[in-house]
Amino acid sequence: MRYLDKTYAFVTNLVFFMETKRVIILGAGISGLSLAWFLKQKFKDKLKVSILEKEARAGGWIKSVRKRSVLLEKGPRGFRPKGKGEATLALCKQLGIEDKIVFASPLSKKRFILHKKSLVPLPHDFFSFLNFPFKGALLSSLIKDLGAAKGQREDLSVKDFFNGQISEVLVKKLVDPFFSGIYAGDIQKSSAESCFPGLFQDVQKNGSFFKSFRKKEKEQKNRFSTAPLLSFKDGMEQLVESLKEGLSEELELNKNVVGVSGEDEKIKVLLEEEELLADYVVSTLPLPHLLPLLDEEEIALSLKYSSLRVLSLLIERESFPKRLQGFGYLIPSEEGVELLGTVFDSFVFPAQDPKSSLIKATLMFGGSRHFERVKKLSEDELFLKGVELLNKHLKANLKVVDREFFTAKEAIAQYPVGYKKEKERFLDEMKNKMPNFFIQGTSFNGVAVNDCVFNSRHFAENFLTL
Ligand SMILES: Cc1cc2nc3c(=O)[nH]c(=O)nc-3n(C[C@H](O)[C@H](O)[C@H](O)COP(=O)(O)OP(=O)(O)OC[C@H]3O[C@@H](n4cnc5c(N)ncnc54)[C@H](O)[C@@H]3O)c2cc1C
């Protein structure tokens, strides 16, 4: 039987390579670009790859700009070296940009949360642990976690999942704001199984978060893993620029895809003024962009995306309180503020602006809970609100010298409870209707840059056997 399988695979590969197949990738964010890169690495010129991007630029949410020579990130500001970060680091190596990577500074280990309108440092050493107002809850959480049962679980909300392992106080004070920091979402509605798939599985095996983290810590050591976060000297767009250089023949900008349908064995991709036929099409578009392009009206998926308003401020260094130099702070939703948190970027990646006398801070407003409250504010109103909140939280009188705005509409996928099953049904239906059409990007398996790169590499590695 195994012999027959191998022969079949050999013949399939032979037929495949006899004629050059065409793959069209929809969208040139990090998912589409990295996918094209990995396919090209694997198949060389045996596969004709095209990437269609509706905008005049590639990169999607990744956008780094300079203002007064200071680097500002409109989208992601970094990636973690651990876990799936291994795929991003391997990509950097292939692209020859490892030497452009910058490490988050030791100061960035200092993080704060807003508690009763004041900033409280999270424990990062023994003394900060002693001063942490929830140290009792930390200790009781450890006991609760180590005593939690192993075994298979049905999907549940992020809130219920964490409540089952640690103290409810920590869920409100830490899990809730950290979840906002990643997904800009709501822990009561989001799926633990889909948002934290690795942890969800590990906890079924080990029963405990603590044991799962310890095992992971031991596994994940590389020369970058000492830093909590990595970026590039010229910001995250470095990754996009380098991919673009390597994909100059494949990348087609200003190509707005308006329809996708099956055409005999092929897939037809409709642009505003032309039609293309491909053997395979892989969409990396966010689902709200993709679903209207498909003919299949009856295929639906209850995936929503959260939106953010991002305000970057440039602040005179002397007016910034020294004791708060660190990564920044997050805000638990029970504080009732429409601001999710603020990153003090200058202390995270000082190597990006070594000579600047200005401090940059990025304020993230909205998310799935609060976007309605901020979406209609004018830029001036948002600016005034941001500065007022920052002064109040930092107990400071900041001298702001410049600002930059960005709205990230429908930016971050919010996987609802039970999403894994719904997604599997959806993918089965799609496979029946258009077997050579695939969906990648952030619709199913994570929203971080690392998830995008990891998923693209996995897809490319398995492409012929999918
Ligand atoms: C403000 C913000 C901060 C973030 N911070 C972090 C962070 O610090 N770390 C981290 O890991 N992640 C972060 N993320 C998440 C991460 O940046 C994104 O999830 C990731 O960049 C998504 O990449 P993508 O390629 O899947 O999708 P996208 O970047 O959305 O790319 C999709 C592309 O498809 C194109 N497109 C859409 N419709 C069409 C069409 N009809 N025809 C052709 N092209 C089309 C779009 O123009 C776009 O270029 C952040 C996201 C935001 C918004």
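Residues numbered from 1 in each chain as written. Predicted model: local features only at pLDDT ≥ 70, side-chain atom pairs only at ≥ 80, totals over all residues. Heavy atoms only, no water.

## Some remarks on the domain arrangement of the chain
So the rule is basically this: Here the limits of each domain have been adopted from an automatic or database domain assignment. Note on contacts: a residue pair is in contact if any heavy atoms of the two residues lie within 4.5 Å. In short, buried area is how much 1.4 Å probe accessible area vanishes from two parts on joining, totalled over both. Here, a salt bridge means any side-chain nitrogen of Lys or Arg that lies within 4 Å of a carboxyl oxygen of Asp or Glu. Side-chain atoms alone can form a polar contact between residues adjacent in sequence; in general such a contact is a pair of N or O atoms within 3.5 Å, and within protein one must be able to donate a hydrogen while the other accepts it.
Domain boundaries in the chain define domain 1 (2-60 + 236-303 + 417-465) and domain 2 (105-226 + 304-414). The gap between the C-alpha centroids of domain 1 and domain 2 is 32 Å. Contact with domain 1, which involves 14 residues of that partner, is made by 17 residues of domain 2. With both chains or domains summed, domain 1 and domain 2 bury close to 1100 Å², and 57% of this area falls on carbon and sulfur atoms. The three residues of domain 1 that bury the most area against domain 2 are Leu303, Val417 and Val447, which together make up 48% of that side's buried surface. Where domain 1 touches domain 2, the interface holds 1 salt bridge. Across the pair Glu154 and Lys421 runs a salt bridge, and its minimum N-O distance is 3.5 Å. Summed over the shared surface of domain 1 and domain 2, the number is 4 residue pairs in polar contact (both at pLDDT 80 or more).

## Regarding unusual backbone geometry
Threshold: By definition, any uninterrupted DSSP run of H or I lasting at least four residues is a helix, any uninterrupted run of E lasting at least two residues is a strand, and each is numbered from the N terminus.
Backbone geometry at Ala184 places phi at a positive 50 degrees, although glycine is not the residue there. When you line up the elements, Ala184 lands in the loop between α7 (168-183) and α8 (192-195). Positive phi, close to 50 degrees, is recorded for Lys395, a residue that is not glycine. Among the secondary structure elements, Lys395 is positioned in the loop between α15 (379-394) and β18 (400-414).

## Observations regarding the site of the ligand
Which entries qualify depends on this criterion: Distances are taken per atom, and a residue is near a molecule or strand as soon as one of its heavy atoms is within 4 Å of it. For the accessible areas, the method is Shrake-Rupley and the probe is 1.4 Å, while residue cover comes only from the protein chains on display. Gly falls in the polar group here, along with every residue not listed as nonpolar (Ala, Val, Leu, Ile, Met, Phe, Trp, Tyr, Cys, Pro) or charged (Asp, Glu, Lys, Arg).
Around the ligand sit 32 residues, and of these Ser31, Glu53, Trp61, Val447 and Val449 come closest. Within the side chain of Glu53, an N or O atom sits 2.6 Å from an oxygen atom of the ligand. In the environment of the ligand, a nitrogen atom lies 3.3 Å from a nitrogen or oxygen atom belonging to the side chain of His289. Here the ligand, which alone exposes 1000 Å², has 90% of that area covered by the protein. Looking at the shell around the ligand, the elements that each hand over two or more residues are α2 (30-43), β14 (304-316), β18 and α17 (449-461). In the shell around the ligand, the residues fall into 16 nonpolar, 10 polar and 6 charged. A domain split of the shell around the ligand shows at least three residues from each of domain 1 (2-60 + 236-303 + 417-465) and domain 2 (105-226 + 304-414).

## Quick notes on helix α9 (residues 197-206)
Put simply, the rule reads: Throughout this description, buried means an accessible area under 20% of the type-specific maximum (1.4 Å probe, protein chains only), exposed means over 50%, and partly exposed covers the range between.
Within the span of α9, buried status applies to Leu199, Phe200, Asp202, Val203, Gln204 and Asn206. The first or second residue beyond α9 is Gly207, which carries a positive phi of 80 degrees.

## What about the pairing of strand β10 (residues 257-263)?
As a reminder of what qualifies: Any two strands with at least two DSSP bridges between them are considered paired.
Two elements, β10 and strand β11 (residues 266-271), share 6 bridges in a ladder whose sense is antiparallel. Bridge pairing in β11 places Glu263 opposite Lys266. The hairpin turn running from β10 into β11, its antiparallel successor, is 2 residues long, and Asp264 in that turn takes a positive phi close to 50 degrees.

## Quick notes on a nonpolar patch on the surface
Rules: Candidate patch residues must exceed 30% relative accessible area and have no salt bridge, after which like charges are joined if within 9 Å and Val, Leu, Ile, Met, Phe, Trp or Tyr side chains if within 5 Å.
Side chains of Phe126, Phe127 and Leu130 sit close together on the surface and give an oily, nonpolar patch of about 350 Å² of accessible area. By the element assignment, Leu130 lies in helix α4 (residues 126-131). Residue class for Leu130 comes out partly exposed when judged on its relative accessible area of 40%.

## With respect to the packing of aromatic side chains
The geometry of an aromatic ring pair is captured by two quantities: the separation of the ring centres and the angle between the planes. The line we're drawing: Only the six-membered ring of Trp is used, alongside the rings of Phe and Tyr, when aromatic pairs are assigned; centres must lie within 6.5 Å, and planes under 30 degrees apart are stacked while those over 60 apart are edge-to-face, with the rest tilted.
For the structure shown, the criterion picks out 24 aromatic pairs. Note on Tyr329 and Phe344: the rings are 6.1 Å apart at their centroids and 55 degrees apart in plane angle, and the pair reads as tilted. One end of the pair, Tyr329, is in strand β15 (residues 328-330); the other, Phe344, is in the loop between β16 (339-343) and α13 (345-348), and 15 residues separate them in sequence. There is no split in this pair, since Tyr329 and Phe344 are both buried.

## Considering the sheet that holds strand β2 (residues 47-52)
Stated precisely, the cut-off is as follows: Axis geometry follows a simple rule: fit a line to the C-alpha atoms, using only the stretch in contact for helices, then measure angles between N-to-C directions, giving values from 0 to 180 degrees.
Reading across from one edge, β9-β2-β1-β13-β19 is the order of the 5 strands in this open sheet, with parallel pairing throughout. Only two strands of the sheet have a single partner each, and these edge strands are β9 (251-252) and β19 (437-439). Sheet topology note: the β2/β9 ladder contains 2 bridges and is parallel. Of the residues in β9, the one forming a bridge with Ile51 is Leu251. Sitting on the sheet, α2 touches β1 (21-26), β2, β9 and β13 (280-283), and the angle it makes with β2 is about 170 degrees.

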